[in-house]
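Here is how the chains run, residue by residue.
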Amino acid sequence: MNYQVLARKWRPHIFEDLMGQSHVLKPILNALKMNKLHHAYLFTGTRGVGKTTIARIFAKSINCEAGITTLPCNQCSICQDIDAGCFSDLIEVDAASKTKVEDTRELLENIHYAPVRGRFKVYLIDEVHMLSNHSFNALLKTLEEPPAHVKFLLATTDAHKLPITILSRCLKFHLKKIPLKVMVSRLEKILIEEKIEFELPALTILSRMAEGSLRDALSLTEQAIAYCQEHLTAELVGEMLGVLDTEQIFKIVEYLMANNAADLLAHIDKIHEKSVNYELLIDDLLNILHQMAIAQIAPAAIYTDQYDKRKIQALAQKALPEDIQLFYQSGLIGRKDLAFSPDFRMGFEMILLRMLAFQMQPVASAQTSVSSQAPAAATEGGGRTNQVTALAEALLSENVDTLNHQSATSGDSPEKK
Ligand SMILES: [Zn+2]
């Protein structure tokens with residue numbers, strides 16, 4: 001038997017199987033039930049959320065031999081031909097490769113002829129925003145007064161590129177990105193059916209990386225199945241994608257809170273071997289700090305599908321609010337500058353070391369020996385706190401001049417003796 005990729009094999013064939021798009025399905029199902037069908041529908045949304053899938057199921061619903069229905073039979077020859085992509089009354093066009101007006105004219109040439117087998121002739125135009133202006137004008141004429149046997153189903157990732165005249169003639173449906181939880185449960189179901197072993201955290205990693213696109217999630221899963229040899233563990237999937245296990249990220253936060261530079265750097269050394277993606281690592285760190293800040297102010301309000309809530313709450317109880325704010329802001333600024341550092345590891349380490357340098361916590365003995373050679377005012381407790389506060393404020397306001405001046409003063413003094 002021919003091997004079929006997961007994204008195609010598991011493409012939904014009925015509305016019920018579409019994930020996370022109930023806000024779009026409700027009006028469509030009602031229209032089908034009441035048999036009040038508009039002549040043009042526009043589906044928008046990011047890649048891989050089900051735009052053309054929904055359009056194909058709709059084409060089956062209005063052409064199924066069993067009658068116009070919310071649940072196409074998937075058994076009749078029309079349903080099966082639509083699924084197989086060989087139904088003559090469903091004309092699918094990829095506008096990205098047919099942008100010219102001649103293409104559109106050719107497409108619409110036979111529009112007045114009745115459908116051959118179905119009830120309706122369905123024009124499914126994908127990536128419709130790619131059409132040229134002349135093409136839109138040609139399409140517009142038909143959209144104004146289409147024959148009764150024609151339905152237009154347009155799909156695009158870029159609705160704002162469509163002329164307003166086209167938009168105003170369509171019923172518009174925006175498909176949302178698929179929520180993480182929904183995506184994880186879908187992957188779980190598919191892998192069970194496919195008889196592939198997995199750890200749930202591995203699916204969370206895959207779903208996160210897919211950023212709301214189910215097709216991306218399935219492609220990544222396919223890659224992971226090959227990489228992990230049919231047993232998806234969080235460690236291997238993380239390794240494949242350069243994403244760290246969340247426990248490892250919590251450890252970074254703990255070392256930061258304890259102002260423990262030695263263990264922190266040793267930890268980075270260890271995770272560096274896993275060819276970690278430092279940009280994603282900073283994103284994770286920022287996410288955790290964000291949840292910790294919420295946990296401190298309103299513990300019940302924290303929300304996260306990705307990280308252990310109890311762990312976040314425990315860390316939040318121990319951390320100073322000022323530290324969390326400072327770590328977050330340093331991470332945010334550092335994330336922007338990461339691309340400019342000679343290498344990502346160096347950039348990442350400098351972000352963490354800057355967090356430690358400006359931390360509000362009492363100075364550990366190791367740091368005192370350095371600052372003991374600094375000017376007298378700085379070694380006194382109050383002086384140090386003031387200096388740190390000033391540095392923190394400078395960092396928070398991104399006031400680079402103040403920052404340079406401050407670090408030059410405190411940095412030079414030990415060497416000058
Ligand atoms: Zn059917």
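Just above, that's the structure.
Cut-offs and rules
Residues numbered from 1 in each chain as written. Predicted model: local features only at pLDDT ≥ 70, side-chain atom pairs only at ≥ 80, totals over all residues. Heavy atoms only, no water. Pairing = 2+ DSSP bridges. Helix = DSSP H or I, 4+ residues; strand = E, 2+ residues; numbered from the N terminus. Axes fitted to C-alpha atoms, helices over the stretch in contact; angles between N-to-C directions. Contact = heavy atoms within 4.5 Å. Phe/Tyr/Trp six-rings, centres within 6.5 Å; stacked < 30°, edge-to-face > 60°. Buried < 20%, exposed > 50% of the residue type's maximum accessible area, 1.4 Å probe, protein only. Parallel < 35°, antiparallel > 145°, perpendicular 65-115°, else oblique. Left-handed = near helix turned anticlockwise from the far one by under 90°. Nonpolar A, V, L, I, M, F, W, Y, C, P; charged D, E, K, R; others polar. Donors = N, O, S within 2.8 Å, 3.2 Å for Na, K, Ca; no water. Tetrahedral: all angles 85-135°; square planar, octahedral: opposite > 155°, others 65-115°. Salt bridge = Lys/Arg side-chain N within 4 Å of Asp/Glu carboxyl O. Patch = residues over 30% accessible without salt bridge, like charges linked within 9 Å, V, L, I, M, F, W, Y side chains within 5 Å. Areas by Shrake-Rupley, 256 points an atom, 1.4 Å probe, with all protein chains shown as cover. Lys, Arg positive; Asp, Glu negative; His and termini not counted. Charge placed at Lys NZ, Arg CZ, Asp CG, Glu CD. Right-handed = clockwise from strand over helix to strand, strands pointing away. Polar contact = N/O pair within 3.5 Å; in protein donor to acceptor, adjacent residues only side chain to side chain.

## Remarks on the sheet that holds strand β1 (residues 40-44)
1) Next: The parallel open sheet is built from 5 strands, whose spatial order is β2-β3-β4-β1-β5. With partners counted over all chains shown, the strands left at the sheet margins are β2 (90-94) and β5 (171-174), one partner each. Taking each pair of neighbouring strands and ignoring which way they run, the sheet shows an average axis angle of 15 degrees.
2) Next: Examined bridge by bridge, β2 and strand β3 (residues 121-126) share 5 bridges and lie parallel to one another. If you follow Leu-90 over to β3, its bridge partner there is Val-122.
3) Next: Where helix α3 (residues 51-63) meets the sheet, its contacts fall on β1, β2, β3 and β4 (150-156), and the angle it forms with β3 comes to roughly 180 degrees.

## Examining the packing of aromatic side chains
1) Next: Considering all chains together, one arrives at 5 aromatic pairs under this definition.
2) Next: On the numbers, 5.8 Å between centres and 25 degrees between planes, the contact of Phe-43 with Phe-173 is stacked. Linking Phe-43 in strand β1 with Phe-173 in strand β5, this pair joins segments that are 130 residues apart in sequence. For the pair shown, Phe-43 and Phe-173 are each scored as buried.
3) Next: Feature note: the residues Tyr-41, Phe-43, Phe-58 and Phe-173 constitute an aromatic cluster, connected by ring pairs.

## Observations concerning the packing of helix α8 (residues 180-193) against helix α10 (residues 214-227)
1) Next: Two elements in contact, α8 and α10, have axes whose closest approach is 11 Å; the angle formed by their N-to-C orientations is 45 degrees. Taken together, α8 and α10 sit at an angle that is classed as oblique. Our pair here, α8 against α10, has a crossing hand that is right-handed. Listed contacts from α10 to Met-183, Arg-186, Leu-187, Ile-190 and Leu-191 of α8 are Leu-214, Ala-217, Leu-218, Thr-221 and Ile-225.
2) Next: Residue composition of the contact of α8 with α10, grouped by class: 8 nonpolar, 1 polar and 1 charged.

## What to know about the coordination of the zinc ion
1) Next: Taken together, Cys-64 (SG), Cys-73 (SG), Cys-76 (SG) and Cys-79 (SG) make up the protein donors of the zinc ion, found 2.2 to 2.3 Å from the metal.
2) Next: Each of the 4 donor atoms bound to the zinc ion contributes to angles spanning 100 to 121 degrees, and the resulting shape is tetrahedral.
3) Next: Sequence positions of the residues that donate to the zinc ion give the spacing C-x8-C-x2-C-x2-C.

## Some remarks on the side chain of Gln-291
1) Next: With respect to the helices and strands, Gln-291 occurs in helix α14 (residues 278-297).
2) Next: With relative accessibility at 4%, the residue Gln-291 sits in the buried group.
3) Next: Gln-291 has contacts with Ile-302, Tyr-303, Thr-304 and Ile-312, leaving out every residue within four places of it along the chain.

## Comments concerning the pattern of salt bridges
Opposite charge on two side chains lets them pair, provided their charged atoms get close.
1) Next: Applying the stated criterion across every chain yields a total of 12 salt bridges.
2) Next: A salt bridge links Asp-83 to Lys-60; the nearest nitrogen and oxygen atoms lie 2.9 Å apart. Of the two residues, Asp-83 is situated in helix α4 (residues 77-84) and Lys-60 in helix α3; the sequence distance between them amounts to 23 residues.
3) Next: Overall, Lys-60 belongs to the buried group, its relative accessible area being 1%.
4) Next: Each of Asp-269, Arg-345 and Glu-349 takes part in a single network of salt bridges with overlapping partners.

## A few points about a negative patch on the surface
1) Next: Residues Glu-199, Glu-235, Glu-239, Asp-245, Glu-247 and Asp-308 make up a contiguous surface patch of negative charge.
2) Next: Relative to the helices and strands, Glu-247 resides in helix α12 (residues 246-257).
3) Next: What makes Glu-247 partly exposed here is its relative accessible area of 41%.

## Examining the pairing of β4
1) Next: Burial within β4 is extensive, with 7 of its 7 residues counted as buried.
2) Next: Side chains Val-150, Phe-152, Leu-154 and Thr-156 project from β4 onto one buried face, and the interleaved Lys-151, Leu-153 and Ala-155 project onto a second face that is buried too.
3) Next: Two elements, β3 and β4, share 5 bridges in a ladder whose sense is parallel. Residue pairing in the sheet places Lys-121 in a bridge with Val-150 of β4.
4) Next: Chirality of the crossover, the property in question, places the unit of β3, helix α6 (residues 133-144) and β4 among those that are right-handed.

## A few points about the side chain of Lys-121
1) Next: Structurally, Lys-121 is set in strand β3.
2) Next: Of the side chains with opposite charge, Asp-89 lies nearest to the buried Lys-121, which makes no salt bridge, at 5.8 Å.
3) Next: At 2.7 Å, the side chain of Lys-121 forms a polar contact with the backbone oxygen of Asn-110.
4) Next: Separated by 3.1 Å, the side chain of Lys-121 and the backbone oxygen of Tyr-113 make a polar contact.
5) Next: With near-sequence residues (within four places) excluded, Lys-121 lies in contact with Asp-89, Ile-91, Asn-110, Ile-111, Tyr-113, Ala-114, Pro-115, His-149, Val-150 and Lys-151.

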